[in-house]
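Close look at the chain arrangement
What follows is the residue order along each chain.
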Amino acid sequence: MPVTSLASLVPLATSDTNVKPPTGFFGAMADAATWFIGLFQAGGVNFMGLVTGIVPLLVVLLTAINALIRLIGPERIDKVGEMAARPGLQWYPVRYLVLPFLSVFFLTNPMCYTMGRFLPEKYKPAFYDSAVSFVHPITGIFPHANAGELFVYLGIAGGITTLGLNTSDLAVRYLLVGLVVILLRGIVTEIITNTMLSRRSAQQQQTQQTEEATA
Amino acid sequence: MSSATVTGGSSGWLAGVNRLLVTIGKAVGGVVGILYQAGRDSIDTIIRNILPFMAFISVIVGIINKTGLGDHLAHWVSPLASNLPGLIVISVFCAIPVLSPVLGPGAVIAQVIGVLLGVRIGKGDIAPQYSLPALFAIDPQVGCDFIPVGLALGEAEPETVEIGVPAVLISRLITGPIAVIIAYFASFGLYASSN
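Summary of the structure given here.

Analysis parameters
Note on numbering: residues in each chain are counted from 1, in written sequence order. Ligands are numbered from 1 and chains lettered from A, in the order in which they are written. Local features are withheld for residues below a pLDDT of 70 in this predicted model, meaning they are given only at 70 or higher, and side-chain atom pairs are given and counted only at 80 or more; totals for whole chains, interfaces and linings count all residues. Side-chain descriptors were evaluated using all non-hydrogen atoms of the structure, hydrogens and water having been removed beforehand. Counting from the N terminus, the helices are DSSP H or I runs at least four residues long and the strands are E runs at least two residues long. Throughout, the radius of gyration refers to the C-alpha atoms, and the reference size of a globule is 2.2 Å times the residue count to the power 0.38. Only protein chains enter the accessibility calculation, which uses a 1.4 Å probe; a residue is then buried when its area is under 20% of its type maximum, exposed when over 50%, and partly exposed in between. Here the accessible surface of atoms and residues is derived via Shrake-Rupley with a 1.4 Å probe, and residues count as covered only by protein chains that are part of the display. His is not counted, nor are the chain ends; Lys and Arg add positive charge and Asp and Glu add negative charge. Taken as the charge location is NZ of Lys, CZ of Arg, CG of Asp or CD of Glu. Stacked, tilted and edge-to-face pairs are distinguished by plane angle, under 30 degrees for stacked and over 60 for edge-to-face with tilted covering the rest, among Phe, Tyr and Trp rings (Trp via its six-membered ring) whose centres lie within 6.5 Å. Charge-over-ring placement is defined geometrically: NZ (Lys) or CZ (Arg) within 6 Å of the ring centre, and within 35 degrees of the ring normal. A cavity here means a set of points on a 1 Å grid, drawn over the protein atoms and nothing else, where a 1.4 Å probe fits but cannot get out; a pocket is an open set with protein on both sides within 12 Å along at least five of seven lines, and a residue lines either one if it has an atom within 4 Å of a point. Grid points are joined across faces, edges and corners, and a volume is the space filled by probe spheres set on the points. Think of it as three bins: nonpolar holds Ala, Val, Leu, Ile, Met, Phe, Trp, Tyr, Cys and Pro, charged holds Asp, Glu, Lys and Arg, and polar takes everything else, Gly as well. In this analysis an axis means a line fitted to C-alpha atoms, helices contributing only their contacting stretch, and an angle means the value between N-to-C directions, from 0 to 180 degrees. Oblique is the label for any angle not under 35 degrees, not over 145, and not in the 65 to 115 range, which are roughly parallel, roughly antiparallel and roughly perpendicular in turn. Throughout, a crossing is termed right-handed when the near helix is turned clockwise from the far one, and left-handed when it is turned anticlockwise from it by less than a right angle. Throughout, a residue-residue contact means that at least one pair of heavy atoms, one from each residue, lies within 4.5 Å.

Overview of the overall build of chain A
Along the backbone of chain A there are nine helices and zero strands. Along chain A, from the amino end to the carboxyl end, the secondary structure elements read α-α-α-α-α-α-α-α-α. Taking 215 residues into account, the globule formula puts the C-alpha radius of gyration at 17 Å, and chain A, at 28 Å, lies well above it. In terms of overall dimensions, chain A has a C-alpha envelope of 100 × 55 × 25 Å along the principal axes. Counting only residues that meet the buried cut, chain A has 44% of its 215 residues in that class. Total accessible area on chain A stands at roughly 11,100 Å², and carbon and sulfur atoms take up 67% of it. Charged side chains of chain A number 13 positive and 12 negative; the gap between the two group centres comes to 6 Å.

As structure tokens, then:
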């Protein structure tokens, strides 16, 4: 890369055309400095874009939803937790779809996992799996639920914005597919947990029997 | 509020008016208080959680873009992230039970990869309709580092935690790739080119 073209990027050098661009040792040092500062100038432009583009929306949205949650009262979803504890096929969507959604929305990450206390022990790992898998899909539309980890969605959505496309379509599909995935994840994890629980109780019985035989 | 108790009882209708005013005042004060507290919370969240992460992301993006590292990364990430088998490979890798708890903490890795893929999508190396399956491909390890704490928050017994940790980790190995496939089929018609 020619030395002159890089040196001309320094704002002071461009104002006076009579000054020769630095050459030799100091020229190389100046180029290195320009390159070094350029790394962070690019980062600064990126930061400015994030702050002006995303933060104002977040301030208003977070305030509105936080106020809504306080007005409604998060303790009202306790009833759903009690319903989700019931056995039977028709309660699966309540346990791994409605309850995770409501607890992530109202209690937000990480307090949403406390809703597991209403469930019997055998459902708890599956509920945790279901709830934790929803803390990113929800951020597309409701960023208050997991404000610390927004960039899983925002990172990829940033590319869509760069292309000049609307991110709403992606946000809605992310949320809907997320709901399908948490239901599936809850069911699969519940099956695995139950298999492991029954295997463990069978093992315990066996060891008890061998202990009785040797005694 | 205190004036209501002082003047109340002097005459019937005055007490009634007073009670009405107090009720209205209380209700309005309550709503304003809630809104104000909500604003305080959201500003607090932004300063504590969001701005620091934006700073961190900006440093990484600036360095990667300016040094040309991004173009080198793109050479092997883009082919992987722009077709279904490649995305499934990423999701299986992230869901390997030994790796998933390592990749999990704070979702930092998922967020950095998300930003990198976003940059590639913006430059046109990855087709935009792959954004949806990619979101699931980079995230099968979500919360894998947090299972014991999350279960403890749900007041689980130690025996449940002992079984729950491997159960969730194994489940991710199955549901991670399935999530990518579901997302792939759900992405039909998403940002489809009009020509």
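Let's pick the thread back up.
Considering the packing of aromatic side chains
Tallied over the entire structure, the rule returns 17 aromatic pairs over all chains. On the numbers, 5.3 Å between centres and 75 degrees between planes, the contact of F25 of chain A with F26 of chain A is edge-to-face. Aromatic pair F151 of chain A and F53 of chain B: ring centres 5.8 Å apart, planes at 25 degrees, arrangement stacked. With F151 of chain A in helix 8 (residues 151–162) and F53 of chain B in helix 2 (residues 12–67), this residue pair bridges two chains. Owing to a relative accessible area of 4%, F151 of chain A belongs among the buried residues under this scheme. According to the relative accessible area criterion, F53 of chain B is buried, its value standing at 11%. In this arrangement the basic side chain of R95 of chain A is found over the ring face of Y92 of chain A, its NZ or CZ atom lying 4.8 Å from the centre. Between the NZ or CZ atom of R95 of chain A and the centre of the ring of Y123 of chain A, over which it lies, the distance is 3.6 Å.

Quick word on the layout of surface pockets
Estimates place the volume of the largest pocket at around 710 Å³. In terms of residue count, helix 8 of chain A provides more of the lining of the largest pocket than any other element does, nine residues in total. Residues of the lining of the largest pocket, tallied by class, amount to 18 nonpolar, 14 polar and one charged. The volume enclosed by the second largest pocket comes to roughly 530 Å³. Along its surface, the second largest pocket is lined by 29 residues, and T108, N109, P110, A145 and N146 of chain A are the ones closest to its centre. At the level of elements, helix 4 (55–72) and helix 6 (92–107) of chain A together with helix 2 of chain B are the ones that each hand at least two residues to the lining of the second largest pocket. When residues in the lining of the second largest pocket are grouped by element, the largest group, four residues, is from helix 4 of chain A.

With respect to empty space enclosed by the protein
Following the criterion strictly, the structure yields two cavities of 30 Å³ or more and no others. Taken as a whole, the largest cavity encloses approximately 80 Å³ of empty space. If you list the elements that add at least two residues to the lining of the largest cavity, you get helix 9 (168–214) of chain A together with helix 7 (131–137) of chain B. Of the residues belonging to the lining of the largest cavity, the class tally is eight nonpolar, one polar and two charged. Within this model, the second largest cavity holds a volume of roughly 30 Å³. Lining the second largest cavity, in full, are Y113, G116, K124, F127 and Y128 of chain A together with G150, L151, G154 and A156 of chain B. Those elements that place two or more of their residues in the lining of the second largest cavity are helix 7 (124–132) of chain A together with helix 8 (147–153) of chain B. Its residues placed into classes, the lining of the second largest cavity shows five nonpolar, three polar and one charged.

Considerations on the packing of helix 4 (residues 84–95) of chain B against helix 9 (residues 158–186) of chain B
All names here are of chain B. Following both chains from N to C, one finds helix 4 and helix 9 inclined at 160 degrees, their axes separated by 9 Å at the closest point. Relative to helix 9, the element helix 4 is oriented roughly antiparallel. Between helix 4 and helix 9 lies a crossing whose hand is right-handed. Along its contact with helix 4, which presents L84, L87, I88, S91, V92 and A95, the element helix 9 presents L169, R172, L173, G176, P177, V180, I181 and Y184. In the contact of helix 4 with helix 9, the residues fall into 11 nonpolar, two polar and one charged.

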